[in-house]
Amino acid sequence: MIKINNIHAKIGDNSILKGVDLALEAGKVHVIMGPNGAGKSTLTKAIVGHYDVEVTDGQIMYKGKDILQLPPEERALEGIFLSFQNPVEVPGVNNAYFLRMALNAKEKYHEQKETNAAEFLKLMRKNAEQLGMNTEMIGRGLNDGFSGGEKKRNEILQMEILQPDVIILDEIDSGLDIDALKAVSEGINRMKDGKRTFLIITHYRRILDYIHPDYIHVLQDGKIVKTGGPELVEVLESQGYQTVQKDT
Ligand code: ADP
Ligand code: MG
């Protein structure tokens with residue numbers, strides 16, 4: 001689904017990604033783990049085209065195209081979704097309105113009928129309830145004054161409404177209480193359809209017990225140093241990142 005070849009990237013003058021190779025398969029759940037500052041968030045930003053990150057070498061192939069040539073909005077319209085580690089608050093931009101505009105933009109791009117306001121409200125209510133969100137949050141400013149857990153649920157709400165093909169979640173589980181973790185995990189599981197690809201960044205095993213990943217990759221010092229199955233999580237937990245046997 002996505003093929004990342006030898007990506008080098010920097011933020012300002014700092015070289016962060018130093019040759020990342022990663023193939024994300026259709027229908028699979030890929031997980032990236034790795035120490036703080038390894039470059040995990042930088043990799044997600046390189047994929048979506050975030051302005052912080054300058055890709056200096058390599059390719060990211062998606063649907064037969066090198067998407068590094070595309071502006072971020074087009075990558076999103078083509079079906080790539082990223083939930084940021086720290087979702088930004090945008091007071092004054094209504095949460096529901098923002099999400100409907102995003103959905104309508106995607107529908108227009110794909111020459112589909114646009115969801116109207118009434119249909120959208122119904123859809124949003126249904127999804128928000130499933131996620132255990134207070135429906136009052138729908139009408140507030142985007143993430144405005146939301147708690148950490150509310151922001152993460154709101155990200156999952158966006159994901160469920162936009163129905164992306166590639167779902168990248170950067171520490172969606174950090175700081176969640178037990179109920180929120182369950183609601184978020186169930187949202188992720190609802191999106192599994194055998195075709196969508198997931199790239200999930202986490203430090204914790206708890207979410208992995210819910211979502212059953214196919215592959216675990218370890219990112220360390222700007223490179224993928226190890227790939228394995230779910231059993232790798234236990235090895236990492238017992239040995240830590242420094243002593244784990246590297247592939248390369
Ligand atoms: P991870 O997500 O693996 O913890 P990041 O990709 O966020 O790591 O960060 C990798 C490195 O890039 C860190 O050393 C971090 O301090 C640095 N970095 C990230 N964002 C910025 C920024 N906007 N300006 C300067 N340095 C940054
Ligand atoms: Mg990060």
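Our subject in this report is the structure included herewith.

Reading the values: rules and limits
Residues numbered from 1 in each chain as written. Chains lettered and ligands numbered in written order. Predicted model: local features only at pLDDT ≥ 70, side-chain atom pairs only at ≥ 80, totals over all residues. Heavy atoms only, no water. Donors = N, O, S within 2.8 Å, 3.2 Å for Na, K, Ca; no water. Helix = DSSP H or I, 4+ residues; strand = E, 2+ residues; numbered from the N terminus. Near = heavy atom within 4 Å. Polar contact = N/O pair within 3.5 Å; in protein donor to acceptor, adjacent residues only side chain to side chain. Areas by Shrake-Rupley, 256 points an atom, 1.4 Å probe, with all protein chains shown as cover. Nonpolar A, V, L, I, M, F, W, Y, C, P; charged D, E, K, R; others polar. Pairing = 2+ DSSP bridges. Axes fitted to C-alpha atoms, helices over the stretch in contact; angles between N-to-C directions. Salt bridge = Lys/Arg side-chain N within 4 Å of Asp/Glu carboxyl O. Buried < 20%, exposed > 50% of the residue type's maximum accessible area, 1.4 Å probe, protein only.

**Overview of the coordination of the magnesium ion (ligand 2)**
- The magnesium ion (ligand 2) binds to the protein through Ser-41 (OG) and Gln-85 (OE1); the donor distances cover 2.1 to 2.2 Å. Taken together, the positions of Ser-41 in helix 1 (residues 40-48) and Gln-85 in the loop between strand 6 (80-83) and strand 7 (90-94) put the pair 44 residues apart, joining distant regions of the chain.

**A word on the site of ligand 1**
- In the vicinity of ligand 1, the contacting residues are Ile-11, Ile-16, Pro-35, Asn-36, Gly-37, Ala-38, Gly-39, Lys-40, Ser-41, Thr-42 and Asp-52.
- Note that an oxygen atom of ligand 1 is positioned 3.2 Å from one of the backbone N or O atoms of Ala-38.
- The protein chains hide 60% of the 560 Å² of surface that ligand 1 would expose on its own.
- In the shell around ligand 1, the residues fall into 4 nonpolar, 5 polar and 2 charged.

**With respect to the sheet that holds strand 11 (residues 215-220)**
- Strand order in the open sheet made by the 6 strands is 6-9-10-3-11-12, with mixed pairing throughout. Strand pairing shows two members of the sheet lacking a second neighbour, strand 6 and strand 12 (223-228), which therefore form its edges. Across this sheet, the average inter-strand angle for adjacent strands is 20°, counted without regard to direction.
- Taken together, the 5 bridges between strand 9 (residues 166-170) and strand 10 (residues 197-201) define a ladder with parallel strand orientation.

**Let's talk about the pattern of salt bridges**
- Per the stated rule, a full pass over the model turns up 15 salt bridges.
- Glu-119 is the salt-bridge partner of Lys-113, the closest N and O atoms lying 3.4 Å from each other.
- Linking Arg-205 and Glu-234 is a salt bridge whose minimum nitrogen-to-oxygen distance equals 3.4 Å. Here Arg-205 is found in helix 7 (residues 205-211), whereas its partner Glu-234 is found in helix 8 (residues 232-243), with 29 residues between them in sequence.
- Taking the relative accessible area as the measure of exposure, Arg-205 reaches 30% and is therefore partly exposed.
- On the basis of relative accessibility, which here comes to 48%, the residue Glu-234 falls in the partly exposed class.
- Through salt bridges with shared partners, a single network forms among Lys-63, Lys-65, Glu-78 and Asp-165.

Honestly, that's just the spatial picture; any functional story needs more than this.
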